[in-house]
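# Close look at the chain arrangement
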Amino acid sequence: GFFSVFDSDLIRNADVYTGGFNAEYGDRISSVMDITMRDGNKNRQAGKLSASTFGSKLLLEGPVFKGEDNTKTSLSYVFSGKTSYIKESSKYLYSYIDSAGIPFSFTDFYGKLTLNTENGSKVNIFGFKFIDKVKYKALSNLNWNSFGVGSNVILVPAGSPFLFKFNFSFSNYDITLNELDQLPRNSYISGFNIGLSFVYFVGKNEINYGIEGLGFKTDFNYYNSAQRKIDQQQNTTELAAFLKYK
C-alpha cells in the first residue's frame with residue numbers, strides 16, 4: 001500500500017537517475033527517483049471505479065472552479081482511494097491457500113489540489129494516508145501507518161526573467177508489531193523538507209540556484225525473546241545550497 005502513490009493513473013512523469021544527477025537533489029549518493037503526479041482535469045468532472053478479487057479503487061477529478069477558457073485561472077482536484085477485501089474474499093476464492101482467509105488488508109488515500117493562474121504561476125497542495133495490516137491469528141498483528149502533506153509553488157513575476165520556486169513536505173511512517181506477550185515493538189521515522197530556489201533566464205542560458213533544509217527523526221523500540229528492551233532515538237537536520245548553470 002505504501003507505493004499506491006505511484007499508481008499509473010496519477011503519474012504524469014517519472015525519472016530514475018542512477019548516477020550523474022543534478023545538485024538540486026542534495027547529498028544523494030546512490031540513486032534518485034523523481035516522480036511528478038499529474039493535475040486534476042481542469043475542464044470537466046471525471047471518475048473511474050475498478051475492482052478485482054482482492055480490492056477496489058476509486059479515482060475522482062475535476063475543476064473546483066475555472067475561467068472562461070484555458071488561459072484563465074483555475075483550481076482543480078484529483079483524489080484516489082483504494083481498499084482491500086481479500087481477507088473476506090479469499091475464504092471463498094482462495095480457500096486452498098488458507099480456509100480462514102488471507103490475513104492482509106490495506107486502505108490508501110491520496111489527494112491533490114492545483115491552482116493555475118493566467119500568467120503561468122502554479123500552486124500544488126497534496127496529501128496521502130496509507131494503512132496496511134497483517135494479522136496472524138493468535139500469533140501477531142503487524143501494522144504499517146504512513147501519512148504526508150506537502151506543497152510546491154512556482155511563481156512567474158510579470159515582465160521578469162525570473163522563476164521563483166518553493167517546496168515543502170512532511171511525512172511520517174510507523175510500524176507496530178503486537179505479539180502474544182503484548183510488549184510494545186515499533187519503528188518510527190518522520191521527516192521534513194523545505195526548499196527555495198530561483199531560475200534566471202539570460203537568452204538561451206539558464207541559472208538555477210537555491211537553498212534546502214531537511215530533517216529526520218527516528219525512534220526504535222523493541223523487546224527481544226529475553227524481554228530485554230532495545231531502543232534508539234536519532235535526530236538529523238541538514239542545510240544545503242546549490243548552483244546549476246545550463
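A brief structural summary. Everything numeric in this text was worked out from a predicted model, so none of it was measured. (Residues numbered from 1 in each chain as written. Predicted model: local features only at pLDDT ≥ 70, side-chain atom pairs only at ≥ 80, totals over all residues. Heavy atoms only, no water.)

With that settled, consider the overall build of the chain. Helix and strand counts for the chain come out as one helix and twelve strands. Going residue by residue from the N terminus, the α and β elements of the chain occur as β-β-β-β-β-α-β-β-β-β-β-β-β. With the C-alpha coordinates aligned to their principal axes, the bounding extent of the chain is approximately 70 × 45 × 30 Å. Buried positions account for 28% of the 246 residues belonging to the chain. Considering only intrachain contacts with a sequence separation of at least 6, the fraction spanning at least 24 residues in the chain is 51%. For the chain, the accessible area works out to roughly 15,300 Å², and carbon and sulfur atoms hold 59% of it. One finds the centroid of the 26 positive side-chain charges in the chain at a distance of 3 Å from the centroid of its 23 negative side-chain charges. (Helix = DSSP H or I, 4+ residues; strand = E, 2+ residues; numbered from the N terminus. Buried < 20%, exposed > 50% of the residue type's maximum accessible area, 1.4 Å probe, protein only. Contact = heavy atoms within 4.5 Å. Areas by Shrake-Rupley, 256 points an atom, 1.4 Å probe, with all protein chains shown as cover. Lys, Arg positive; Asp, Glu negative; His and termini not counted. Charge placed at Lys NZ, Arg CZ, Asp CG, Glu CD.)

This paragraph deals with the nonpolar core. Core analysis: the biggest nonpolar cluster contains five residues, these being Leu 10, Met 37, Leu 59, Val 78 and Tyr 110. Apart from the residues within four sequence positions on either side, Leu 59 is in contact with Asp 9, Leu 10, Arg 38, Ala 46, Gly 47, Lys 48, Val 78, Phe 79 and Ser 80. (Core = buried A, V, L, I, M, F, W, Y, C linked by side-chain atoms within 4.5 Å.)

Think of a sheet as strands paired side by side through backbone hydrogen bonds, with each pair either parallel or antiparallel. Strand order in the open sheet made by the ten strands is 3-4-5-6-7-8-9-10-11-12, with antiparallel pairing throughout. The open sheet has two edge strands with one neighbour each: strand 3 (46-51) and strand 12 (229-245). On average, adjacent strands in this sheet sit at an angle of 5 degrees to one another, irrespective of strand direction. Two strands pair when backbone bridges link them, and strand 11 (residues 205-223) and strand 12 are joined in this way by 17 bridges, in the antiparallel orientation. Note on strand 12: the bridge partner recorded for Phe 220 is Gln 232. (Pairing = 2+ DSSP bridges. Axes fitted to C-alpha atoms, helices over the stretch in contact; angles between N-to-C directions.)

Our next topic: a positive patch on the surface. Where like charges cluster on the molecular surface, the positive patch consists of Lys 87, Lys 91, Lys 133 and Lys 135. Counting residues per element, the ones that place at least two in the positive patch are helix 1 (86-93) and strand 7 (122-136). (Patch = residues over 30% accessible without salt bridge, like charges linked within 9 Å, V, L, I, M, F, W, Y side chains within 5 Å. Salt bridge = Lys/Arg side-chain N within 4 Å of Asp/Glu carboxyl O.)

What follows is about the pairing of strand 11. With 17 bridges joining them, strand 10 (residues 185-202) and strand 11 adopt antiparallel strand pairing. Bridged to Phe 201 within strand 11 is Glu 206. Turn length for the strand 10-strand 11 hairpin, with the two strands adjacent in sequence and antiparallel, is two residues, and the turn residue Gly 203 shows positive phi of about 60 degrees. Counting the residues that bridge the hairpin from strand 11 to strand 12 gives five residues, and of these Gln 227 lies at a positive phi of roughly 60 degrees.

Here we take up the pairing of strand 10. Relative to strand 10, strand 9 (residues 162-179) runs antiparallel, the two being bridged by 16 bridges. Counterpart to Tyr 173 in the pairing with strand 10 is Ile 189. Connecting strand 9 to the next strand, strand 10, in antiparallel fashion are five residues, including Gln 182 with a positive phi near 60 degrees.

Here we take up helix 1. Taken residue by residue, helix 1 has Ile 86, Ser 89 and Ser 90 as its buried positions. Looking down the long axis of helix 1, one finds its buried residues gathered within 105 degrees of arc, a one-sided arrangement. Those residues of helix 1 that are buried lie in contact with strand 5 (74-84) and strand 6 (104-116). (Arc of directions from axis to C-beta.)

Moving on, we come to the side chain of Glu 61. Among the structural elements, Glu 61 can be located in strand 4 (residues 55-65). Only 2.8 Å separates the side chain of Glu 61 from the side chain of Arg 38, close enough to count as a polar contact. Contacts of Glu 61, omitting those with residues within four sequence positions, involve Arg 38, Asp 39, Gly 40, Asn 41, Arg 44, Gln 45, Ala 46, Tyr 77 and Val 78. (Polar contact = N/O pair within 3.5 Å; in protein donor to acceptor, adjacent residues only side chain to side chain.)

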